[in-house]
Amino acid sequence: MRRLAGGDVNDVVALTLDDGRTVVVKGNARAPAGLFAAEARGLAFLAAPEALRTPAVLAVADDFLVLEHVARGRPAPDHDERLGRGLAALHRASPSQVPGLDHDNFIGPLPQQNAPTDDWATFYGERRLFPMAARGQLDRRARRRLEALVARLPGLVGPPEAPSRLHGDLWGGNLLTDPAGLPCLIDPAVYAGHREMDLAMMRLFGGFGSRVFAAYAEAHPLAEGHEERVPLYQLYPLLVHVALFGGGYVGGVERALTQLGV
């Protein structure tokens, strides 16, 4: 058994079995109820369109999850283009007519509400921004600004689109490169929603090259005004970070609100 990097929420180890196979075990005796079952369902949700690789789920229980071990490789020459095109294909595989999911899940250790709504603006305000803001350390003025933004969401979220199949927590740490040099997605927080959510998250902390976004845009062009919507769709992951890590991320929330004119 050897420890693996990335165990901020759970203990993560690579375990070599008697038959020579290596598996990944994520364990947490204090895991919120349903955490590992939700991750297993999320990986299946991403794998269904066969657009990008995800590790196979081998076993799941209340306090652990066993996954296929994906050894790390060097990126292939066309790794970024494959990631961009694969993400476009994932987003095109719309799982429903309305935003949401048939069950709630988690983003990191935090509960994530997914009850469907009739439109994306309502979902983003009522299932994403307000619940996560309530967990954080925003002062009264910042909360009023967020309320003002949510009231304007119908005019800000962009043209109507079919909900996309989202990873939901797509930062650089949740992307692996497999032995063939191809992308593999891990640690999902899935739901059906606006595809610019994944793309904005990818831009928030870096780790994705320009070729990824160029290949995506070629395969699945974005609606006009998408660049102006980046701070809007970065608000949710910023609020997640406020809830998890405290006030150091409040400034990012306030800057995004200022960019959005509230």
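Provided above is the structure to which this section pertains.
Residues numbered from 1 in each chain as written. Predicted model: local features only at pLDDT ≥ 70, side-chain atom pairs only at ≥ 80, totals over all residues. Heavy atoms only, no water.

Trainee: Help me understand the packing of helix α3 (residues 120-133) against helix α7 (residues 230-245) in this model?
Mentor: When two helices pack together, their arrangement is given by the angle between the helix axes and the distance between those axes. As a packed pair, α3 and α7 sit with axes 9 Å apart at the nearest point and diverge in direction by 20°. Taken together, the axes of α3 and α7 are roughly parallel relative to one another. Pair α3 / α7 crosses with left-handed handedness. Along its contact with α3, which presents Trp120, Tyr124, Arg128, Leu129, Met132 and Ala133, the element α7 presents Leu232, Tyr233, Leu235, Tyr236, Leu239, Val240 and Ala243. (Axes fitted to C-alpha atoms, helices over the stretch in contact; angles between N-to-C directions. Helix = DSSP H or I, 4+ residues; strand = E, 2+ residues; numbered from the N terminus. Parallel < 35°, antiparallel > 145°, perpendicular 65-115°, else oblique. Left-handed = near helix turned anticlockwise from the far one by under 90°. Contact = heavy atoms within 4.5 Å.)

Trainee: Even after reading the chapter, I still don't get the nonpolar core, so can you show me in this structure?
Mentor: Grouped burial of nonpolar side chains is what soluble globular proteins tend to show. Ranked by size, the top nonpolar core spans 53 residues in total, and within it Tyr124, Leu129 and Leu235 carry the most contacts. Going through the elements one at a time, α1 (35-47), α2 (79-92), α3, α4 (140-152), α5 (196-204), α6 (210-219), α7 and α8 (250-259) are the ones with two or more residues in this core. Element by element, the count of residues in this core is highest for α7, at 9 residues. If sequence neighbours within four positions are ignored, tyrosine 124 has contacts with Leu129, Leu153, Met197, Leu232, Tyr233, Leu235 and Tyr236. Counting residues in each nonpolar core, the second largest holds 11 residues, with Val12, Leu35, Leu43 and Phe106 among its members. (Core = buried A, V, L, I, M, F, W, Y, C linked by side-chain atoms within 4.5 Å. Buried < 20%, exposed > 50% of the residue type's maximum accessible area, 1.4 Å probe, protein only.)

Trainee: Can you walk me through the packing of α4 against α8 in this structure?
Mentor: Running from N to C, α4 and α8 cross one another at 40°; their axes reach a closest spacing of 11 Å. With respect to each other, α4 and α8 are oriented oblique. Viewed along their axes, α4 and α8 form a crossing whose handedness is left-handed. Each of Ala142, Arg145, Leu146 and Leu149 in α4 lies in contact with α8, whose residues at this interface are Glu254, Leu257 and Thr258. Residues that form the contact of α4 with α8 fall into these classes: 4 nonpolar, 1 polar and 2 charged. (Nonpolar A, V, L, I, M, F, W, Y, C, P; charged D, E, K, R; others polar.)

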